[in-house]
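# Inside the fold
Here is how the chains run, residue by residue.
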Amino acid sequence: GGDGRRLARVIFRTVLPLAVLAAGAITAFWLMETSPQAKPRPQVHNATLVGVTSVDYGPQHTVISGMGTVTAARQVELKPQVSGEIIELNRNLVPGGHFRQGETLLTIDPTDYRLTVRQLTTDVAKAESDLQLEQGNQLVAQKEYKLLGETVSDVEKALMLRRPQLENLRATLEAAQAKLEQARVDLARTRIKAPFNAVVQARSAGVGARASESTVLATLVGTDAYWVEVSVPVSQLRWIRIPQTDGDQGALVRVYDSAAWGDGVFRQGRVVRLEADLEEQGRMARLLVRVEDPLSLKPDNRDKPAMLIGAYVRVEIEGKTVPLAVAIEREFIHNGQSVWVMDPQGDLAIRPV
């Protein structure tokens, strides 16, 4: 009875698992043989309808864009060269007032300076009279020297001919004339005039105030031209024509101020200088662009907008010509660095610019 039980346990532990495995293998083989077969489909070529535009190679003009600030090309704090009470102001001597070169801005009391001119005029007349009298004495001295007929030293001869007296009176006359000329200059300086065509930026003087040589009367800005200080990347300088000598002509520039003038309106200028240093923060190069008649005062520019000092503007600089290139619209540049091109086979090729 014990042997039978042992045999049964052996059969249960070995034969039964083998039988289960065999049955599983047979079932898997049957499923694989009887499963449905997937039929291959023909490959379909998917194509997307796109629009294309042709491009042509040839000479192309480059344009460099940048931002800039309008500044004064000429600016001066006007101070008097003589002191005195201000007795008259030009009615245009207010911020925004315009003056032509040589036009009187204000007048300092000239009374004292006129009296000085009259006094020194008298001094000059007296010095001239004294010199004429001495020249008469010179003739008498020369006759006496000839009648004497003696041989004397050069020093004695000069004394006998009264040469020191003559030189002294000549020097006195020259000094009196110089003082008179200076007095006339000071009198003329009591009328403060515009040193150049200008617009008044600020006024610090008033009628009745006493002005000295350290008094700031007004701040003037030249109206013949303004500068636009433009910042551009250093890498783009090679495309910009910058004058090297006074006879060179810089690149043409269009200046836009959309906020003040509207879209599409611009003033025209030219690059005149490259500043010696870079911006401290952005390390950008700085160009000076000169715009003539910025306030449109000349008849030819009456229909053009006026520029404002301190305005932040956009500029387009006409760069050098590339002899062989393609002009591509900015909308065709993908990711800022590539274009999509149709190759001769009609396939899409993505190429870096």
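Located above this text is the structure these notes cover.
Please read all numbers here as calculations on a predicted model, not as lab measurements. (Residues numbered from 1 in each chain as written. Predicted model: local features only at pLDDT ≥ 70, side-chain atom pairs only at ≥ 80, totals over all residues. Heavy atoms only, no water.)

### Some remarks on the sheet that holds strand 4 (residues 98-99)
Hydrogen bonds along the backbone pair up the strands of a sheet, which may run parallel or antiparallel. Pairing within the open sheet is antiparallel, and its four strands lie in the order 2-9-7-4. If you trace the sheet from one side to the other, it starts and ends with strand 2 (75-78) and strand 4, each paired once. Bridge analysis of strand 2 against strand 9 (residues 218-222) gives four bridges, and the strand direction is antiparallel. Residue pairing across strands places Gln-75 opposite Val-221, the latter belonging to strand 9. (Pairing = 2+ DSSP bridges. Helix = DSSP H or I, 4+ residues; strand = E, 2+ residues; numbered from the N terminus.)

### Comments concerning the nonpolar core
Most often, soluble globular proteins have nonpolar side chains that are buried together. Judged by nonpolar contacts, the single largest core of 27 residues is most densely connected at Val-228, Val-232, Ile-240, Val-271 and Ile-317. Elements represented by at least two residues in this core include exactly strand 1 (58-72), strand 10 (225-232), strand 11 (252-256), strand 13 (285-292) and strand 14 (312-325). (Core = buried A, V, L, I, M, F, W, Y, C linked by side-chain atoms within 4.5 Å. Buried < 20%, exposed > 50% of the residue type's maximum accessible area, 1.4 Å probe, protein only.)

### Notes on the pairing of strand 7 (residues 198-203)
Taken together, the two bridges between strand 4 and strand 7 define a ladder with antiparallel strand orientation. Following the sheet pairing, His-98 is matched in strand 7 by Val-199. The pairing of strand 7 with strand 9 spans five bridges and is antiparallel. Along strand 9, the bridge assignment pairs Val-199 with Val-221.

### Side note on the environment of Met-67
Relative to the helices and strands, Met-67 is located in strand 1. Since its relative accessible area comes to 31%, Met-67 is described here as partly exposed. Between the alpha carbons of Met-67 and Glu-229 there is a distance of 8.4 Å; along the sequence they are 162 residues apart. Residues contacting Met-67, with those up to four places away along its chain left out, are Glu-229, Val-230, Ser-231, Tyr-312, Val-313, Arg-314 and Val-315. (Contact = heavy atoms within 4.5 Å.)

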